[in-house]
Amino acid sequence: MTRFSLLSLVAAIALLLAAPLVVYPVLLMKVLCFALFAMSFNLLLGYVGVLSFGHAMFFGGGAYVAGYLIRDVGLPPELAWLGALAAGAAGGYVVGAVALKRSGIYFAMVTLAVAQMAFFFFNSAKFTGGEDGLQNIPRRPLLGFIDGRDDLVLYYVVATIFALSLLLVWRVVHSPFGRSIVAIRDNEPRAISLGYRVQRYKILAFVISASLAALAGAIKAYVFQLASLTDVSWHMSGEVILMTLIGGMSNFIGPVVGGAFVVLMNHFLAPWGEWVVVLQGLIFVLAVMMFRAGIVGTLTALPEVLRQRAAWRQKSKGRRRH
């Protein structure tokens with residue numbers, strides 16, 4: 001690990017620890033849940049190179065599964081989260097096995113169609129509460145002794161899960177498996193000719209992505225004590241795409257920044273009422289025009305751009321002297 005990476009890690013840990021002293025813990029937990037959701041989605045878009053229009057089915061599905069297991073079955077939160085994780089993995093395997101037989105826009109349309117089927121299922125099933133969703137999900141103690149009703153205590157639990165998930169994704173991306181899916185993204189025919197079982201790699205990446213998205217939804221349902229149709233709607237799938245694009249899908253931390261940006265933007269623009277949608281549109285257009293590689297991607301490349309411009313100016317001055 002380089003010195004810059006170590007300093008960045010220390011700064012990130014310090015920020016997570018100190019943040020609830022400045023910002024309302026519930027808002028921070030929402031930011032972390034959506035950052036985890038965007039990070040899971042980026043495994044597909046940024047590293048596998050496929051665009052899913054239905055990733056909210058895993059996010060919302062995880063919320064419904066965890067909410068049902070906690071409220072109606074009576075399981076402790078940690079087991080409900082594991083149940084949501086398992087459900088996300090199973091759903092990701094089934095959907096991935098079907099959708100990944102197609103590519104490009106056809107893959108996107110298949111995921112959108114399956115997501116709409118999931119939406120109508122959650123709207124019609126008796127255990128989901130229909131249009132009302134699962135309400136009043138109790139914040140039962142975590143591990144039998146951690147008080148989930150205390151927002152500050154719960155924040156540190158969520159922050160720990162987020163940090164571990166971030167570490168997991170980092171390990172996946174920088175493993176031989178991660179390099180393989182990037183190679184498949186860059187040149188799939190060459191990867192096939194070299195003997196890679198492309199379909200298996202893609203399905204495994206889809207399963208990991210779906211599992212983490214379900215975990216994010218499960219934690220969100222516990223924090224806000226609610227699982228609703230909004231979590232599984234196509235609007236949510238579009239929102240996570242925007243989070244990833246704004247933050248930058250060409251790097252590891254970009255979706256985390258994009259998720260935080262969108263959540264905080266929605267929070268601070270809420271007092272504007274109906275004008276929120278117009279303001280959001282303007283901000284998204286400006287963000288895409290000004291940060292073509294995403295916020296993090298643009299800022300990361302900025303020192304190199306400035307160095308090249310300085311070198312070009314120096315050469316120009318040298319030419320003028322001669």
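Residues numbered from 1 in each chain as written. Predicted model: local features only at pLDDT ≥ 70, side-chain atom pairs only at ≥ 80, totals over all residues. Heavy atoms only, no water.

S.K.: Before we go on, may I ask you to explain the overall build of the chain in this structure?
M.R.: Helix and strand counts for the chain stand at 13 helices and two strands. Against the 2.2 N^0.38 benchmark of 20 Å for 322 residues, the chain shows a C-alpha radius of gyration of 21 Å, consistent with a compact globule. Summarising its shape, the C-alpha atoms of the chain cover approximately 80 × 50 × 45 Å along the three principal directions. The buried share of the chain, taken over its 322 residues, is 45%. (Helix = DSSP H or I, 4+ residues; strand = E, 2+ residues; numbered from the N terminus. Rg over C-alpha atoms; globule rule 2.2 N^0.38 Å. Buried < 20%, exposed > 50% of the residue type's maximum accessible area, 1.4 Å probe, protein only.)

S.K.: For this particular structure, what's the right way to read the pattern of salt bridges?
M.R.: Side-chain pairs of opposite charge can arise where the charged atoms are in close proximity. In total, this model carries six salt bridges according to the counting rule given. Two residues, Arg185 and Asp186, come together in a salt bridge whose shortest N-O distance is 3.0 Å. Here Asp231 makes a salt bridge to Lys220, at a shortest N to O gap of 3.1 Å. Linking Asp231 in the loop between strand S2 (226-227) and helix H10 (234-247) with Lys220 in helix H9 (residues 198-224), this pair joins segments that are 11 residues apart in sequence. (Salt bridge = Lys/Arg side-chain N within 4 Å of Asp/Glu carboxyl O.)

S.K.: Help me understand the environment of Leu215 in this model?
M.R.: Note on placement: Leu215 falls in helix H9. Taking the C-alpha atoms as reference points, Leu215 and Phe37, 178 residues apart in sequence, are found 8.4 Å from one another. If sequence neighbours within four positions are ignored, Leu215 has contacts with Leu36, Trp81, Leu85, Ile161 and Ser165. (Contact = heavy atoms within 4.5 Å.)

S.K.: How do you make sense of helix H7 (residues 176-186) when you look at a structure like this?
M.R.: Given 3.6 residues per turn, any residue in an α-helix points the same way as the ones three and four places further on. Within the span of H7, buried status applies to Phe177, Gly178, Ser180, Ile181 and Ile184. In a view along the axis of H7, the buried residues occupy a sector of 160 degrees, so they form one face of it. Within H7, the exposed residues directed more than 90 degrees away from the buried face are Pro176, Arg179 and Asp186. (Arc of directions from axis to C-beta.)

S.K.: What is the right way to read the nonpolar core from this model?
M.R.: Counting 91 residues, the largest nonpolar core has Phe37, Trp81, Phe162 and Ile219 as its most contacted members. In terms of residue count, the dominant contributor to this core is helix H2 (residues 25-48) (19 residues). For Phe162, the contacting residues outside a window of four places in its chain are Leu32, Ala35, Leu36, Met39 and Val256. (Core = buried A, V, L, I, M, F, W, Y, C linked by side-chain atoms within 4.5 Å.)

S.K.: Which parts of the structure should I look at to understand empty space enclosed by the protein?
M.R.: Where empty space is left can be seen by rolling a probe of water-molecule size over the atoms. All chains considered together, the criterion is met by one cavity of 30 Å³ or more. Secondary structure elements with two or more residues in the lining of the largest cavity: H2 and helix H6 (151-173). Residues of the lining of the largest cavity, tallied by class, amount to seven nonpolar, no polar and no charged. (1 Å grid on protein atoms, 1.4 Å probe; cavity = no way out; pocket = protein on both sides within 12 Å on 5 of 7 lines; lining within 4 Å. Points joined across faces, edges and corners; volume = space filled by probe spheres on them. Nonpolar A, V, L, I, M, F, W, Y, C, P; charged D, E, K, R; others polar.)

S.K.: Could you clarify how one ought to interpret the packing of aromatic side chains in this entry?
M.R.: Ring pairs (aromatic) are described by centroid distance and by the angle formed between their planes. For the coordinates displayed, the defined rule picks out 13 aromatic pairs. Measuring from ring centre to ring centre gives 4.7 Å for Tyr64 and Phe122, while their planes differ by 10 degrees; the resulting arrangement is stacked. Here Tyr64, found in helix H3 (residues 56-73), pairs with Phe122, found in helix H5 (residues 105-124); they are 58 residues apart in sequence, far enough to count as distant. Using a relative accessible area of 0% as the deciding quantity, one classes Tyr64 as buried. Judged by its relative accessible area of 9%, Phe122 is buried. Judged by centre distance (5.6 Å) and plane angle (80 degrees), the rings of Phe119 and Phe120 are edge-to-face. (Phe/Tyr/Trp six-rings, centres within 6.5 Å; stacked < 30°, edge-to-face > 60°.)

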